[in-house]
Amino acid sequence: MDLSVIGIIVSLVVIVTLALRGVGIMLIAPLAVVIVSLFSGMGVLDTLMGPYMKGFVSYAAKFYLVFLFASVFGKYMDDSGAAKAVAVRIMSVIGYEKQIYVLYAISAITTLLTLGGVSLFVVIFAIMPIARPLFKQMNVPWHLFIAAFYFGIGSLSMTMIPGTPAILNIMPTKYLGTTATAAPLLGIVAGIFVVAFNVWYMKRELAKSHARGEGYEDKATVENTAKGDGSEKVLPNFWISLLPSIAVIVTLNIVKIDIVWSLVIGCLVAAACFWRYLDNHLSTINTGAFNTAIPVINTCADVGYGMAVAASSGFKLVTDFLVSIPGNPVVSLTIATYLMTGMTGSASGGLGIVLETLISKYVAMGLNPEMLHRVVAIAAGSFDAMPHNGVVITTLAVAGLTHKQAYKHIWWSHVVSTFLAMFIVGALAVILY
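The following paragraphs examine the structure supplied in this document. (Residues numbered from 1 in each chain as written. Predicted model: local features only at pLDDT ≥ 70, side-chain atom pairs only at ≥ 80, totals over all residues. Heavy atoms only, no water.)

## Concerning the overall build of the protein chain
At step 1: Within the protein chain one finds 22 helices and 0 strands.
At step 2: Taken over the C-alpha trace, the protein chain has a radius of gyration of 21 Å; the compact-globule value for 433 residues is 22 Å, and the two agree within 12%.
At step 3: Relative to its full complement of 433 residues, the protein chain shows a buried share of 55%.
At step 4: Of the contacts made within the protein chain by residues no fewer than 6 positions apart, 80% connect residues no fewer than 24 positions apart.
At step 5: When the accessible surface of the protein chain is split by element, carbon and sulfur atoms take 68% of a total near 17,300 Å².
At step 6: Looking at charge distribution, the protein chain has the averaged site of its 24 positive side-chain charges lying 5 Å from that of its 19 negative ones. (Helix = DSSP H or I, 4+ residues; strand = E, 2+ residues; numbered from the N terminus. Rg over C-alpha atoms; globule rule 2.2 N^0.38 Å. Buried < 20%, exposed > 50% of the residue type's maximum accessible area, 1.4 Å probe, protein only. Contact = heavy atoms within 4.5 Å. Areas by Shrake-Rupley, 256 points an atom, 1.4 Å probe, with all protein chains shown as cover. Lys, Arg positive; Asp, Glu negative; His and termini not counted. Charge placed at Lys NZ, Arg CZ, Asp CG, Glu CD.)

## Some details on the nonpolar core
At step 1: One finds F135, W142, F145, I146, Y150 and Y305 to be the most contacted residues of the largest nonpolar core, which totals 136 residues.
At step 2: Counting residues per element, this core draws most heavily on helix 3 (residues 44-79), at 11 residues.
At step 3: With sequence-adjacent residues up to four places away left out, F145 is seen in contact with I106, I124, I127, M128, A131, F135 and A399. (Core = buried A, V, L, I, M, F, W, Y, C linked by side-chain atoms within 4.5 Å.)

## Details of the pattern of salt bridges
At step 1: Applying the stated criterion across every chain, the model contains 7 salt bridges.
At step 2: Across the pair K62 and E356 runs a salt bridge whose closest N-O atoms are separated by 3.6 Å. Residue K62 is found in helix 3, and its partner E356 is found in helix 18 (residues 347-357); the two are separated by 294 residues along the sequence.
At step 3: Exposure remark for K62: the relative accessible area of 31% places this residue in the partly exposed category.
At step 4: Here E205 and K408 are joined by a salt bridge, their closest N and O atoms 3.4 Å apart. One end of the pair, E205, is in helix 10 (residues 184-211); the other, K408, is in helix 22 (residues 403-432), and 203 residues separate them in sequence. (Salt bridge = Lys/Arg side-chain N within 4 Å of Asp/Glu carboxyl O.)

## So, helix 3
At step 1: Between its terminal C-alpha atoms helix 3 stretches only 45 Å, short of the 52 Å expected from 36 residues at 1.5 Å a residue.
At step 2: At F63, helix 3 shows its maximal kink, close to 55°.
At step 3: Remark: G81 follows helix 3 within two positions and exhibits a positive phi of approximately 90°. (Expected span 1.5 Å × (residues − 1). Bend = angle between axes of the 7 residues up to and from the residue.)

## A look at the environment of G266
At step 1: Summarising the element assignment, G266 is placed in helix 13 (residues 259-273).
At step 2: The buried category is assigned to G266, whose relative accessible area is 0%.
At step 3: Each C-alpha atom, one on G266 and one on G74, is 9.8 Å from the other, the two residues being 192 residues apart in sequence.
At step 4: In contact with G266, other than residues within four places in its own chain, are F73, P244 and V248.

## Regarding the packing of aromatic side chains
At step 1: All chains considered together, the criterion is met by 18 aromatic pairs.
At step 2: Summarising the aromatic geometry, the rings of Y52 and F56 are spaced 6.2 Å apart at their centres and angled 50° between planes, so their arrangement reads as tilted. One end of the pair is Y52 and the other is F56, both in helix 3 and 4 residues apart, which spans about a single turn.
At step 3: Seen from their ring centres, F419 and F423 are 5.3 Å apart, and the 85° between their planes marks the pair as edge-to-face. Taken together, the residues span about one helical turn, with F419 and F423 both in helix 22 at a distance of 4 residues.
At step 4: Look at F419 and you get partly exposed, because its relative accessible area is 30%.
At step 5: We classify F423 as exposed; its relative accessible area is 54%.
At step 6: These aromatic residues form a ring-pair network of at least three members: F135, W142, F145, F149, Y150 and Y216. (Phe/Tyr/Trp six-rings, centres within 6.5 Å; stacked < 30°, edge-to-face > 60°.)

## Things to note about unusual backbone geometry
At step 1: With phi around 45°, A183 is a residue other than glycine that occupies positive phi space.
At step 2: Tracing the backbone through its elements, the reader meets A183 in the loop between helix 9 (167-176) and helix 10.
At step 3: Even without being a glycine, K256 presents a positive backbone phi close to 60°.
At step 4: For K256, the location among the structural elements is in the loop between helix 12 (238-253) and helix 13.

## Some remarks on the packing of helix 12 against helix 13
Packed helices, taken two at a time, are described by their axes: the angle between them and the distance between them.
At step 1: At a minimum axis distance of 8 Å, the contact between helix 12 and helix 13 shows a crossing angle of 160°. When the interaxial angle is binned, helix 12 and helix 13 end up roughly antiparallel. You can see that helix 12 and helix 13 cross each other, and the crossing is right-handed. Counting all contacts with helix 12, which are made through I240, L243, P244, A247, V248, T251 and L252, the residues of helix 13 involved are I259, S262, L263, I265, G266, V269, A270 and C273.
At step 2: Its residues assigned to classes, the contact of helix 12 with helix 13 comprises 12 nonpolar, 3 polar and no charged. (Axes fitted to C-alpha atoms, helices over the stretch in contact; angles between N-to-C directions. Parallel < 35°, antiparallel > 145°, perpendicular 65-115°, else oblique. Left-handed = near helix turned anticlockwise from the far one by under 90°. Nonpolar A, V, L, I, M, F, W, Y, C, P; charged D, E, K, R; others polar.)

## A short note on the side chain of T251
At step 1: Mapping T251 onto the fold places it in helix 12.
At step 2: In terms of polar contacts, T251 uses its side chain to reach the side chain of S262, at 3.2 Å.
At step 3: Residues within four places of T251 in sequence aside, it is in contact with K256, I257, S262 and I265. (Polar contact = N/O pair within 3.5 Å; in protein donor to acceptor, adjacent residues only side chain to side chain.)

## Side note on a nonpolar patch on the surface
At step 1: Taken together, the side chains of I240, L243, I246, V250, I254 and V255 make up a nonpolar region of the molecular surface, amounting to roughly 490 Å² of accessible area.
At step 2: Residue position: I254 is located in the loop between helix 12 and helix 13. (Patch = residues over 30% accessible without salt bridge, like charges linked within 9 Å, V, L, I, M, F, W, Y side chains within 5 Å.)

## A short note on the side chain of S417
At step 1: Structurally, S417 can be placed in helix 22.
At step 2: Of note is the side chain of S417, whose polar atom sits 2.6 Å from the backbone oxygen of S413.
At step 3: Among the polar contacts made by the side chain of S417, one reaches the main-chain carbonyl oxygen of H414 at a distance of 3.3 Å.
At step 4: Setting aside residues up to four positions removed in sequence, S417 forms contacts with F193, V194, F197, N198 and W412.

This is the structure in structure tokens:
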């Protein structure tokens, strides 16, 4: 095997190993670049200051403003109580009669919030004050919260529903010249399958929990879940709470303006709608902006690592192998996306690598850009949820659960459901495009 290819493999092993031990990607990525450089005979500093920083800066230039205004928007929804108002209303509609309704409600709430542009990191804190007492009241095993939550925040609202403002659905537009509603049939069909699969899975897991005699059993308390409950706070009207998200979706998909302007309008609408529900608007804006830093830098570091890998001699061998996989090019593109997102532990980071280094090869083959958009987006939202993924680690920590207790729900509800859906998406892509 080529020494440069070995270096790429070693660097990926280092990334996964250190991430699982809690080391941040901001430190891991440059270290992985050093490994790639040494094995590939490239100058270490030249590679760090060249391809690595080029990829880092390129991603920041394309998506920093998206992350910035999305974070501020999410903070408005959180601080005003609008996210909680939406959650409370959905719970009142679905009802409290059966335990399975609780799981359905959590899934519906998180889907609606993320589809409306609220950050995944905001949603977990917004839903926790609703979910914990509800699960306790209904005696639903707490670990099942993860199944319902990940179904809601996962691939359905991240990559499948046409028009979603999620970053994974926006990224391909910058490279393929598509819109957020690209290849809607592929997304809708995949979404229907994921919904059916997760409904089946949650019913099955609830029945298995009953058979084991499990109940709520709140064995862990997490300080974060007790903060910001807002139970004494007056919440905005449900319909008013929806207006900012509606503004984002309408301006993005009907008026068809750039996602940055859509999010700016969403922030302005939120400021107007929630003016009297916020104690300090400046604090909300500042905190939202501050919260942008880590997600952006982490993703930039991932993409920078990918660009350094792309500059190595081994990368050409790897890409030549992927592109030469027998069958339709959709197969090789899907596998390449799985590899990049799974190994980096980041959907946006892995997708950024694929878009920066590989997608042009598939466009050059004459493949339909809209089809490529939907395929690569859906594929990115599958094997990203590995144990070292940042959202996985944060979600489990906030929920007071361990990987041993609840990661299997993430695996089945997110990874497996999307992986199976890709067989349908791939077949339709070949037939229709």
